Amino acid sequence: MSKVKYQGNKKISFVISLKYLDSESKMRLLTDEGNFQTLKLLVAADIGQVNLDKQLVNHDERVIPYLTGSRLPILEVYPGKFLFSPNSAARLLLASVITEENESAVDQWLDWEAACLLPSVFPYLNALNGHGKVDDSLVQEVRNLVAHMDKELAGKNTLSGSQLTVADVAVWSTLYPALSGKFALKDWEVSFTNVKTWFSDLSSRSEFQRAVKEVCAGDTSQLKSSLASQPAPLRVPEAVSSKQQVQKQTSKQKEDTQAAPEKVVASPEEVSSATEAWLTGIQHCTKPMKRVHPVLPEKGRRNILITSALPYVNNVPHLGNIIGCVLSADVFSRYCRLRNYNSVYICGTDEYGTATETKAIAEGLTPQQICDKYSALHRDIYKWFNIDFDYFGRTTTSQQTEIAQDIFWQLHKKGFISQNSVEQLHCEKCDRFLADRFVEGTCPFCSFDDARGDQCDGCGKLINAIDLIQPKCKLCRNPPIVRSSEHLFLDLPKVEPKLQEHLDAAFKTGTWTNNAKVITNSWIRDGLKPRCISRDLKWGTPVPLEGFTDKVFYVWFDAPIGYISITANYTEHWQHWWKNPDNVQMYNFLGKDNVPFHSVIFPATLLGADDNYTVVKHMSATEYLNYEDGKFSKSRDTGVFGDQARDTGIPADIYRFYLLYVRPETQDSSFSWDDFLLKNNSELLNNLGNFINRALMFVSNSFGGTIQPMDLNSDDYNLLALVNRELHTYIDNMETTRIRDSIRNILSISRLGNQFMQENKPWVLVKGTDTDRKRAGSVVSLAANLACLLSVLLQPYMPEVSATIQRQLNVPDTCNVVYQDLVCHLSPGHKIGQPSPLFQKIEASTIAELKKRFAGQGPPPSNKLKGRKGGDAAPGSAVSPEDTERIQAEVTKQANKVRELKSNKADKFTIDAEVKVLLDLKKKLTEATGQTATAPGGGKQKGNKQGKQPASQGEMKVIANSRTVDSAEVDRLTALVAEQGNKVREVKTSKADKSVVDREVVMLLDLKKQLALAQGMDPDAAVGGGKKKGKKK
């Protein structure tokens, strides 16, 4: 008999549809008074912003109909669907807001908490609660565990590194009564300083404080009744102290006892439904609908218009660009086809604008030649990645001109276009007004001498080109003059009521990622302003209005209209898609940097035109994908770009799988070669590939390649029910564009299949009696049907692998529909093809070579600061202007990211991690320029005109300074000031006691003084004790 377990600490095998996390219906938390394990769920729900209906029950009350007893707390996710493990429940509640960057570390900590920490803390608390004393050996056991934690936390903010995860929530919740209140370990704060810092940081957070207040009001003695009534947690047979030892110990135990794998049991209702679907579901399956081009909307069908952000033509897309738009949209498009939705996927290259002209000048080509060259390159890259557009076009077409000008006339006729005079720089030698990127000069804020006309990469501030000091034309290097030029503006404030009405409805009924909502709302909240839609350029869509015919439309008015014009190139009946809002739903896939143009500017344009246009109702925006510990950079050959991936010898489907596995859905993620190897060799080779190959090889070798009659037993039907759980969640995730999560459902089904084969051992049965042989035939034939299901679910992710599996199975095309349940597509008597391995092992030596190949040029050598007086570099410096500019651009980008996280009230640990990255970048910049980094206010602000605000406290400037400063100490203290500032804000927000707030404020002021001294500043001025410097009256 196999043991029955409802859930362990690993990724939830009892899969719950995440749509319930976003719905208004509440999950039900069943617990008893004073249960300290309830802290895990309350904290996780608070952080995850999930509504819980908490219900107190008696210890002996039968709360689950089919269980005689249970350990509390229990989470009822939706009626009849329960999670019995507090750790798994907490993980689910956090799933929508936290993407675990290091899953294996989180798994290890959860194992350690469940197998070691909780079984030791529970009796420790019970002894103190019941007898007021505890055996010394038990005290030492708990101390040893805390000592292990202290060692692991060295140099870390959280258990897994810098990111708050369910591991921190679970371990903190179990340790809370043992480290605070009357039962706290003696002198633990002195002995374990790393744990103290970690524990105090979490305890100061409002989510943790609210949970403590609700469970025991801060008085751990209130836990007594629950402790006395709950069964003691199971221990690992031999006491161990580290998370690594837990895994070794539990693995050894299974090997020694040859225990059957633990499995999950489905409910009777689930088993009944799965049984019916298996026996009769094939009769209800729809057949794949043939797609005939051009695909047009049809009444009575779900008509879906899919767009991915138009890649800009003048560059080569890297892996982050590819996952951010075209690959994500491709997965959703392929899924829609498998569901028989009437969908069309449109994309193309964005080809107009200043950047194209700049690239053309740099390469000595015409803008059209540049567009032809790079558009072909984009097509080749996407073709290799198996991106299956219905149509991939370009914006340099007659349809683009016609449609963009028509929309402009509609806006003009309805009074949404205004005119205004704009002062611009004009190059007399080139006889042209200079667009922002055609001007370079000295920043008026920080004196950086290589600022662009739109933004300074030195301090990150936005700039009006005419404010540059000593501006120069980028083309001829001559100084331009200021001239007035009349321009056209889209009156966004006038369109705002229509836009707000549309967004309110779209947010309510559509699927929008959280970042898309936040960014959109921030634009609306700050108030929309008229936006210039014309430019003094030659390369673009001509403005048709008299008096403005020498101008073109600004790219962010013009480019989104490219979706429409590309569709018009696909079909003359384009209006059936684009002027049919009642019957067409539009999905946008894009990176978060493009959100406001797709959620505000483009919708406002179409709504203002008032010509029955289809406007976006769903938006899936990704965060950024980084490369290893840095950024993708073409100039420094860092990272893998689309044209390089095919030269690595690794199939496109493997790249697709990994990019989708680490898709930055809720926060930035990274492409890591080490993790790439791990995922290929473990998830693909050992899990997915192993299951499918084993199943098909048994059918081929033991049964002549023929599917056998399947006489299923109760365990088999339980397996079908568990597979259907995963399948239902796969569908729910796909419907809400949680593309990364669905790939985990596929892998979970494969794991269930491997476990099924391991439990039944068909390699043994096939050598036994006739009954055993028949059972072996049932097992491998059912496994072959699971492989068939996997081949269909894999299609959106790995289309070539999917096709290979289906050839090996010799399956009919009719199986290529995602049905709601597992059905029997391979009936007895079906002949499969020839099985062969699906994946190859990637060797560590191969990865080492690839890491070296794509590592780039490394950090630049140090030189003096660009932007010093006279622009002189250090004697003998080897740092090029391009290198310095690159680092300064990274500083600016990271500073903007930190500001965005703070404005969005992101998780403290996320903010701290990004602040650390910012400080490291600033340190690199300091070293590269040979200067010291000081905060604003340390001296006179150069170029700071009256009325201009100096950089904020969090934006460190790099300036020339003759004073010797220890930059490492400055960085350390700056980080401490930022951390303490966050702590002050949190205690104020949580309305903590005034004495607590005052104490934290005093610490903050003291740190600021130390920082000021380290920077050579007046410490009193730094905390408001003197006159503020650097700002003219």
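For the structure, see preceding data.
It should be emphasised that the depicted structure is a prediction, and the values quoted were computed from it without experimental measurement. Numbering of residues begins from 1 in every chain and follows the order in which that chain's sequence is written. Totals for whole chains, interfaces and linings use every residue, but because this is a predicted model, local features are given only for residues with pLDDT of at least 70 and side-chain atom pairs only at 80 or more, for both listing and counting. Hydrogen atoms and water are omitted, and side-chain values are computed over all heavy atoms in the structure.

Undergrad: Please set out the pattern of salt bridges residue by residue, giving values where relevant.
TA: We define a salt bridge as a contact between a side-chain nitrogen of Lys or Arg and a carboxyl oxygen of Asp or Glu at a distance within 4 Å. Tallying each qualifying case throughout the model produces 32 salt bridges. A salt bridge links Arg291 to Asp390; the nearest nitrogen and oxygen atoms lie 3.0 Å apart. On the criterion of sequence distance, the pair formed by Arg291 in the loop between helix 12 (268-280) and strand 5 (303-308) and Asp390 in the loop between helix 16 (367-384) and strand 7 (391-394) is long-range, its members being 99 residues apart. Residue classification places Arg291 among the partly exposed residues on the basis of a relative accessible area of 29%. Working definition: with a 1.4 Å probe on protein chains only, accessible area under 20% of the residue-type maximum means buried, over 50% means exposed, and in between means partly exposed. A residue is classified by how much of its surface remains accessible, and Asp390, at 11% relative accessible area, is buried. We note a salt bridge from Glu623 to Lys592, for which the minimum N-O separation is 2.7 Å. Of this pair, Glu623 sits in the loop between strand 18 (618-622) and strand 19 (625-627) while Lys592 sits in the loop between strand 17 (584-591) and helix 23 (595-609), and the two are 31 residues apart along the sequence. Exposure class is identical for Glu623 and Lys592. Each is buried. Linked by salt bridges that have partners in common, Arg291, Arg337, Asp388 and Asp390 make up one network. Where helices and strands are cited, they refer to DSSP runs of H or I of at least four residues and of E of at least two residues respectively, numbered from the N terminus.

Undergrad: Requested: an account of the packing of aromatic side chains, with residues and values cited.
TA: For Phe, Tyr and Trp, rings pair up if their centres lie within 6.5 Å, where Trp contributes its six-membered ring, and each pair is then called stacked (planes under 30 degrees apart), edge-to-face (over 60) or tilted (otherwise). By the definition in use, this model includes 39 aromatic pairs. Their ring planes at 85 degrees and their centres at 5.6 Å tell us that Trp188 and Phe199 sit as a pair that is edge-to-face. Here the residue Trp188 occupies a position in helix 7 (residues 188-191), and Phe199 occupies one in helix 8 (residues 193-203), the gap between them amounting to 11 residues. Judged by relative accessible area, Trp188 falls into the buried class, the value being 5%. Judged by its relative accessible area of 6%, Phe199 is buried. Ring centres 6.4 Å apart and planes at 90 degrees place the aromatic pair Phe632 and Phe641 in the edge-to-face group. Both residues of the pair, Phe632 and Phe641, belong to the buried class. Of the aromatic side chains, those joined through ring pairs into one cluster are Trp384, Phe385, Tyr627, Phe632, Phe641, Tyr655, Tyr658, Phe671, Trp673, Phe676 and Phe854. Over a ring means this: the NZ of a Lys or the CZ of an Arg is within 6 Å of the ring centre and within 35 degrees of the ring normal. Across the ring face of Phe438, the terminal group of Arg432 is positioned such that the distance to the ring centre comes to 5.0 Å. Cation over ring: Arg744 sits above Tyr661, and NZ or CZ is 4.1 Å from the ring centre.

Undergrad: Describe the environment of Val97, with residues and values.
TA: Mapped onto the fold, Val97 is located in the loop between helix 3 (86-94) and helix 4 (103-131). The class for Val97 is partly exposed, based on a relative accessible area of 32%. Separated by 568 residues in sequence, Val97 and Glu665 have C-alpha atoms that sit 9.6 Å apart. Note on definitions: a residue-residue contact is assigned when non-hydrogen atoms from the two residues lie within 4.5 Å. The residues contacting Val97, other than those within four sequence positions of it, are Ile47 and Gly48.

Undergrad: Quick rundown of helix 12? Include the residues and the values.
TA: Expected span, for any helix, means 1.5 Å times one less than how many residues it has. Under the 1.5 Å per step criterion, the end-to-end length of helix 12 is 18 Å for 13 residues, consistent within 8% with the ideal 18 Å. Considered for burial, the residues of helix 12 that qualify are Glu270, Ala274, Thr275, Ala277 and Trp278. Looking straight down helix 12, one finds its buried side chains confined to an arc of 165 degrees; they lie on one side. The exposed residues of helix 12 that point more than 90 degrees off its buried face are Pro268, Glu269, Glu276 and Leu279. Buried residues along helix 12 sit against strand 4 (81-83), helix 27 (714-735) and helix 30 (770-794). Note that the arc is defined by the directions from the helix axis to the C-beta atoms.

Undergrad: Can you lay out the sheet that holds strand 8 (residues 417-427) for me, pointing to particular residues and giving the numbers?
TA: Sheet architecture is open: 4 strands sit in the order 9-8-13-14, paired in antiparallel fashion. One side of each edge strand has no neighbouring strand; the edge strands of this open sheet are strand 9 (432-433) and strand 14 (531-532). Here a strand pair is declared whenever DSSP counts at least two bridges between the two strands. For strand 13 (residues 481-490) and strand 14, the ladder comprises 2 bridges, and the chain directions are antiparallel. Among the inter-strand pairings, Phe489 is bridged to a residue of strand 14, identified as Cys532.

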